[in-house]
Amino acid sequence: MSSSRQFSSVSKTSPSAIQTARFAHFDVYEGLYNPTGKFRLQELTIPAANNSIDVIILHSVFTHMMEDDIMHYLKEFARILKPTGKVLATFFVVDDEIRKSAQIRQYLSFNHKRSPDCYIEDLSIPTRAVGYTESALRSMVTRAGLKLSRPICFGFWSGHHPAPHYGGQDALIMQRDI
């Protein structure tokens, strides 16, 4: 099964599910994207009961976050997801070959190594764009009590992977590991 087909199977939603969907905004401080935020991320408990959420979708959120903050969210997701619930979140998955392709495209280069498995685009604004190795992402998912429910759906942001039908960033589809 192709990555684009795997991705699209998650997006099939009944009209009744769309009517009950809720968007949640958390006024969390972040120096670049929300400098007037009212509280720190580590103070956030998502206001949802344990085992109560079917689907969580984040697009271009974790691509601007450091590992500790991503882990906080992933652990919260593991707490609130129903046993059959899913999380769809986008990331920038990087390795040496992907970074080379990205540098040729001159879109994002991730030239700055923040840690062995984390690369940033801009030293002066670290959260402008953040990329992680596949092994780092898999580790975060596992440590949070989640697992990948499908192979990673690689996007075309770097030019390394063929253009899929669903977009530019790399997508991970996760579920609780029970």
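Everything below is about the structure printed above this text.
Undergrad: Give me the pairing of strand β1 (residues 53-58): which residues, what numbers.
TA: Of the pairings in the sheet, the one linking β1 to strand β2 (residues 81-91) comprises five bridges and is parallel in character. Its bridge partner lying in β2, isoleucine 56 is registered against valine 87. Where the polypeptide runs from β1 across helix α3 (residues 67-80) and back to β2, its parallel neighbour, the crossover connection is right-handed.

Undergrad: Account for the nonpolar core, with residues named and values stated.
TA: Among the nonpolar cores identified, the biggest contains 36 residues, and Phe62, Tyr73, Leu74, Phe77, Tyr132 and Met174 are the most heavily contacted of them. Listed by contribution, the elements that provide at least two residues to this core are β1, α3, β2, β4 (118-120), β5 (130-132), α5 (134-143) and β7 (170-176). The element best represented in this core is α3, accounting for seven residues. Here phenylalanine 62 is in contact with Ile70, Tyr73, Leu74, Phe77, Ala89, Thr90 and Phe91, once residues within four sequence places are set aside. One finds Phe92, Ala102, Leu108 and Phe110 within the second-largest nonpolar core, a separate group that totals nine residues.

Undergrad: How would you summarise the sheet that holds strand β6 (residues 146-148) if you had to cite specific residues and measurements?
TA: Here we have four strands laid out as an open sheet, ordered β1-β2-β7-β6, and mixed in their pairing. This sheet does not close on itself; its edge strands, each paired only once, are β1 and β6. Each neighbouring strand pair of the sheet contributes to a mean axis angle of 25 degrees, computed without reference to strand direction. Where β6 lies against β7, three bridges are found, and the strand directions are antiparallel. Note that in β7 the partner of leucine 146 across the bridge is arginine 176. On the sheet, α3 packs against β1, β2, β6 and β7 and is oriented at approximately 155 degrees with respect to β2. Helix-sheet contacts for α5 involve β2, β6 and β7, and the interaxial angle to β6 is about 140 degrees.

Conventions and cut-offs
Residues numbered from 1 in each chain as written. Predicted model: local features only at pLDDT ≥ 70, side-chain atom pairs only at ≥ 80, totals over all residues. Heavy atoms only, no water. Pairing = 2+ DSSP bridges. Helix = DSSP H or I, 4+ residues; strand = E, 2+ residues; numbered from the N terminus. Right-handed = clockwise from strand over helix to strand, strands pointing away. Core = buried A, V, L, I, M, F, W, Y, C linked by side-chain atoms within 4.5 Å. Buried < 20%, exposed > 50% of the residue type's maximum accessible area, 1.4 Å probe, protein only. Contact = heavy atoms within 4.5 Å. Axes fitted to C-alpha atoms, helices over the stretch in contact; angles between N-to-C directions.

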